[in-house]
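Residue strings, one per chain:
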2 protein chains.
Amino acid sequence: MKPIRTLCVVAALAGLLGVDSATASMSDVLARAHQADWKAFDPENTLYMKLPRGGVVIALAPQFAPRAVAAIKAFVRAHAFDRGAIIRAQDDYVVQWAIRDDKTHSPAKIPAEFDRARDAGFVALADPDTYAPQVGFDGGFPAARDASREWLVHCYGMVGVARDAAPDSGDGSELYAVIGQSPRNLDRNVTLVGRIVHGMELLSTLTRGTEALGFYAKPEERMTIESIRVAADIPVKERVALMALRDDSATFAKLVADQRMRKEPWYVNSPGHIGVCNVPLPVR
Amino acid sequence: MKPIRTLCVVAALAGLLGVDSATASMSDVLARAHQADWKAFDPENTLYMKLPRGGVVIALAPQFAPRAVAAIKAFVRAHAFDRGAIIRAQDDYVVQWAIRDDKTHSPAKIPAEFDRARDAGFVALADPDTYAPQVGFDGGFPAARDASREWLVHCYGMVGVARDAAPDSGDGSELYAVIGQSPRNLDRNVTLVGRIVHGMELLSTLTRGTEALGFYAKPEERMTIESIRVAADIPVKERVALMALRDDSATFAKLVADQRMRKEPWYVNSPGHIGVCNVPLPVR
């Protein structure tokens, strides 16, 4: 083996957990960040999912999906996800999990929250996008907008509410996370509620299901969820102290500019552009 | 569990192994395909990688990277990859593997094959792209072009030649496959040589490495490669009879159009566009 022969030793990982795999240049930018560039996740809108293989942390986006987030937290606080299971893992698409059973499940339907009115907090990306008139970031989440509406977009690690044919049929009792190429065709067709900010690899490496759409064929193939908790409900000292780089900070703007132009000597051709799902959203 | 509550029962999986996870509409389109719409992979440019967990099939693209493909096949035919190993798995990025050791390794450098002259066979996609003036398909591979040059692009499942800082330092003894969001920033910076057409999930589910850039910390964490063979070198009856949908067929054009507009009732908002890395490249 040639340990020094690596694919792009200075190439950034464009991931949601970018810090661990940061480039030298990205590390430098982050090292120079001010304390105020980092923001702690709100414990009232952070979920801890405990799996037999470790913990996953989900940052919720109530500003985009207030009703779905409230419904999910109600399921969580009723312990409905405890001893629930991961029921689906479809390669290059999604992992999906569900509450323990239907018994605690409210028959109330939740109106779709596929988009919302435009918001002044949108941090626009100058680059063209295949699917939307404009893309960018809002509150730490990848987003898009047109002249009147704004919506979260399906990047790697984003979490959404599974639904049936009716737009209001997703009640928060089944959620999915994107584990492959961004399925942007789903944008504005499903309510996105947040993103995985820690432990993504525990989901992305799950054995794929062999039934249609990646559902597991047998109950014993499903991984049991030990518990899901709202961070605010557990003692402070047991929480994971994670912070996100603010997407409205100068540090983030510098990071995006660096990722777009790639001045590291490894690059023969500067990309010149960057996709919304290729921008790292650093978490420390 | 609610088995019928699924995320988008009619939503296509936008993957390189699209057939297994095809939508009803995509299945219908493929069922109506003519025999001539399907093309067998050339055994002289197909690799079988045998892992302890199963087999991976790689379709090579000598039309884009003749020297790199020749070098890789020389390593394969010298059995240099046998008892080689997967040395890296970085979440949302790449899995990388290498020959057994440096002993068989030629000191000859291979000139970069990052792009080539434009080709008449290019099947253009009408949709805008973030990174390239135009995207499309050529010979069954996702590609892009400008006024004079054409190149393969980094979509999920694409295979490339790892290199050091010098553009000609990738000699084919270490290869990688994309396992996450398409890292399009690497386009025209690495020689792409093909794509995984079977067994992708055997790579995408590998435990991630914990060293920088996802390298495995200890040799025992690496998965051993039992062998890699050129399909032409093994008996016909032992080959995997795979065929690709021709990207210059009317069936493929219909499939792309359907995936772009999504008329299934599940869709509230038609995407209206499709990304080059979201187009399924069916294999049967």
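Residues numbered from 1 in each chain as written. Chains lettered and ligands numbered in written order. Predicted model: local features only at pLDDT ≥ 70, side-chain atom pairs only at ≥ 80, totals over all residues. Heavy atoms only, no water.

**Q** Provide a residue-level description of the sheet that holds strand β5 (residues 94-98) of chain A, including the pertinent values.
**A** Residues and elements named next belong to chain A. Spatially, the nine strands line up as an open sheet ordered β14-β4-β5-β12-β11-β13-β3-β2-β15, and their pairing is antiparallel. The sheet terminates laterally at β14 (223-225) and β15 (227-230), the two strands that pair on one side only. If you compare each strand with its neighbour and ignore which way they point, the axes differ by 30° on average. Packing of helix α2 (residues 66-77) onto the sheet brings it into contact with β2 (46-51), β3 (54-60), β11 (158-161), β12 (174-178), β13 (192-198) and β15, and relative to β15 it is tilted by some 120°. (Pairing = 2+ DSSP bridges. Helix = DSSP H or I, 4+ residues; strand = E, 2+ residues; numbered from the N terminus. Axes fitted to C-alpha atoms, helices over the stretch in contact; angles between N-to-C directions. Contact = heavy atoms within 4.5 Å.)

**Q** Break down the environment of B:His154 for me, with residues and values.
**A** Residue and element names in this part refer to chain B. Residue position: His154 is located in the loop between β10 (149-152) and β11 (158-161). The exposure class of His154 is buried, given its relative accessible area of 0%. For the pair His154 and Thr46, spaced 108 residues apart in sequence, the C-alpha separation works out to 19 Å. If sequence neighbours within four positions are ignored, His154 has contacts with Tyr176, Val178, Ser182, Pro183, Arg184, Leu186, Asp187, Val190, Leu192 and Cys277. (Buried < 20%, exposed > 50% of the residue type's maximum accessible area, 1.4 Å probe, protein only.)

**Q** Describe in detail the packing of aromatic side chains, supporting the description with residues and values.
**A** Residues and elements named next belong to chain A. Evaluation of the coordinates by the stated rule reveals six aromatic pairs over all chains. A ring pair is formed by Trp266 and Tyr267, whose centres lie 5.0 Å apart and whose planes are at 80°; its orientation type is edge-to-face. When its relative accessible area of 2% is taken as the criterion, Trp266 is described as buried. A relative accessible area of 8% means that Tyr267 is categorised as buried. (Phe/Tyr/Trp six-rings, centres within 6.5 Å; stacked < 30°, edge-to-face > 60°.)

**Q** Could you give me a rundown of the state of the cysteines, with the residues and numbers involved?
**A** All names here are of chain A. As enumerated under the stated definition, the model contains two disulfides over all chains in all. The disulfide partner of Cys155 is Cys277, and the gap between their sulfur atoms is 2.0 Å. Its torsion about the S-S bond being -80°, the disulfide of Cys155 and Cys277 is classed as left-handed. In this pair, Cys155 sits in the loop between β10 (149-152) and β11 while Cys277 sits in the segment after α4 (250-261), placing the two residues 122 residues apart along the sequence. Look at Cys277 and you get buried, because its relative accessible area is 7%. (Disulfide = S-S within 2.5 Å.)

**Q** Break down the confidence of the model for chain A for me, citing the residues and quoting the values.
**A** Low-pLDDT portions of the prediction should not be read for the details of their coordinates. Residue and element names in this part refer to chain A. Mean pLDDT over chain A stands at 90; residues scoring 70 or higher make up 89%. Of the regions scoring below 50 in pLDDT, residues 1-22 engages in 89 contacts with residues more than four places distant in sequence or in other chains. Per the prediction output, this complex has pTM 0.92; the corresponding ipTM is 0.91. (pLDDT = per-residue confidence, 0-100.)

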